[in-house]
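# Per-entry structural report
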Amino acid sequence: MKRMIFLTFLAGLVSCGNEVQPKPNAYLALEYPAAEYVFYSNDGCPYGFEKNSRAVVQPSRVGRECWLNLEYPRLKGTIFITYQPVENNLDSLLTDAQKLPLQHTIKADAIEGSVYSNNYHNTYGMFYQVLGDAASQAQFYLTDSTSHFLTGSVYFEAQPNFDSILPAAAYLKKDIRHLMETVKWQPNSSD
């Protein structure tokens, strides 16, 4: 009897090795609905674009005319859009717009810029993708080079943690690219 208990105990010791097993990779299973785009324009503003139907348009809290926020409540993110007329100040508008992404170089791992040009809509600009724990994950500017200048930036209502906001940031980057591709300048009183 004692021998049987001892053998059972010994078998238990031998079979319970401390082999380290790697844990399988875990990924967030965040899925966002496919974007459905609708054309948006404000009667008093000289531009319009297609926006995701899930984005809620709010006037800018800064209160400037033709500035707006595209809020994504489910993602807790916002695309802040600003508009300024070009009045012999294109160089300074371009300089300011190109400096904005550089403000994130301290926290960013990389900032990738890509030129945007659409001769059909007379729209030219840059799209900046900011990688890393920066406050803004994407920024852009668009102009027709003579009358209109539009900028936009993505911000989230959370401490920047690139790994955590990556799926939401990717979703909003697609929406920004679509917005850029569909901007249409509308005549205003200065044209």
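Throughout what follows, the structure given in this document is the object of discussion. All of these numbers come straight from a predicted model, not from anything done at the bench.

Our focus in this paragraph is the overall build of the protein chain. Secondary structure summary: the protein chain contains three helices and 10 strands in total. Written out in order from the N terminus, the α and β elements of the protein chain read α-β-β-β-β-β-α-β-β-β-β-α-β. Taken over 191 residues, the protein chain has a buried fraction of 39%. The contacts of the protein chain with a sequence gap of at least 6 include a subset with a gap of at least 24, amounting to 51%. Per element, the accessible surface of the protein chain, about 12100 Å² overall, is 54% carbon and sulfur.

This part covers the pattern of salt bridges. Applying the stated rule across the entire model yields one salt bridge. Notably, a salt bridge pairs Arg-61 with Glu-71, separated by 3.1 Å at the nearest N-O pair. In this pair, Arg-61 is assigned in the loop between β3 (56-59) and β4 (68-72) and Glu-71 in strand β4, connecting sequence segments 10 residues apart. With a relative accessible area of 67%, Arg-61 lands in the exposed category. Residue classification places Glu-71 among the buried residues on the basis of a relative accessible area of 18%.

For the rest of this paragraph, the subject is the packing of aromatic side chains. Across all of its chains, the model carries six aromatic pairs by this definition. Ring centres of Tyr-47 and Tyr-83 lie 5.5 Å apart, and the angle between their planes is 25°; on these two criteria the pair is classed as stacked. Taken as a pair, Tyr-47 in strand β2 (residues 47-52) and Tyr-83 in strand β5 (residues 77-85) lie far apart in primary sequence, 36 residues in all. The same class applies to Tyr-47 and to Tyr-83, which are both buried. Ring centres of Tyr-141 and Phe-149 lie 5.7 Å apart, and the angle between their planes is 10°; on these two criteria the pair is classed as stacked. With relative accessibility at 6%, the residue Tyr-141 sits in the buried group. For Phe-149, a relative accessible area of 3% translates into the label buried. Each residue in the set Tyr-40, Tyr-47, Phe-49 and Tyr-83 is aromatic and connected to the rest through ring pairs, giving one cluster.

Of the residues making up helix α2 (residues 90-99), those classed as buried are Leu-90, Leu-93 and Ala-97. Taken down its axis, α2 places every buried residue within 65° of arc, on the same side. Where α2 is buried, its residues meet β5, β7 (123-132), β8 (136-143) and β9 (148-156).

What follows deals with the state of the cysteines. Structurally, a disulfide amounts to a covalent bond that connects the sulfur atoms of two cysteines. Here the structure, examined in full by the defined rule, presents one disulfide. Each sulfur in the disulfide pair Cys-45 and Cys-66 lies 2.2 Å from the other. Looking along the S-S bond of the Cys-45-Cys-66 disulfide, the torsion reads about -105°, which is the left-handed sense. Pair noted here: Cys-45 is in the loop between β1 (37-41) and β2 and Cys-66 is in the loop between β3 and β4, with a separation of 21 residues, a long-range link. A single burial state applies to Cys-45 and to Cys-66, both of which are buried.

Cut-off values and rules
- What you see as residue numbers is a count from 1 along each chain, following the sequence as written.
- In view of the model being predicted, local features appear only for residues whose pLDDT reaches at least 70, and side-chain atom pairs are presented and counted only at 80 or more, with totals across whole chains, interfaces and linings using the full set of residues.
- Processing note: side-chain calculations cover all non-hydrogen atoms of the structure and skip hydrogens and water entirely.
- Strands here mean DSSP runs of E at least two residues long; helices mean DSSP runs of H or I at least four residues long; both are numbered from the N terminus.
- To sort residues, take the accessible area from a 1.4 Å probe on protein chains only and compare it with the maximum for the residue type: under 20% means buried, over 50% means exposed, and anything in between is partly exposed.
- Residue contacts are defined here by distance: any two heavy atoms, one from each residue, within 4.5 Å place the two residues in contact.
- For every accessible area listed, the method is Shrake-Rupley and the probe measures 1.4 Å; residues are considered covered only by the protein chains on display.
- A carboxyl oxygen of Asp or Glu within 4 Å of a side-chain nitrogen of Lys or Arg is what we treat as a salt bridge.
- To pair, rings of Phe, Tyr and Trp, with the six-membered ring standing in for Trp, must have centres within 6.5 Å; the planes then decide the type, stacked if under 30 degrees apart, edge-to-face if over 60, and tilted in the middle.
- Arc, as used here, means the arc of the directions from the helix axis to the C-beta atoms.
- Cysteine sulfur pairs qualify as disulfides if the two atoms are within 2.5 Å.

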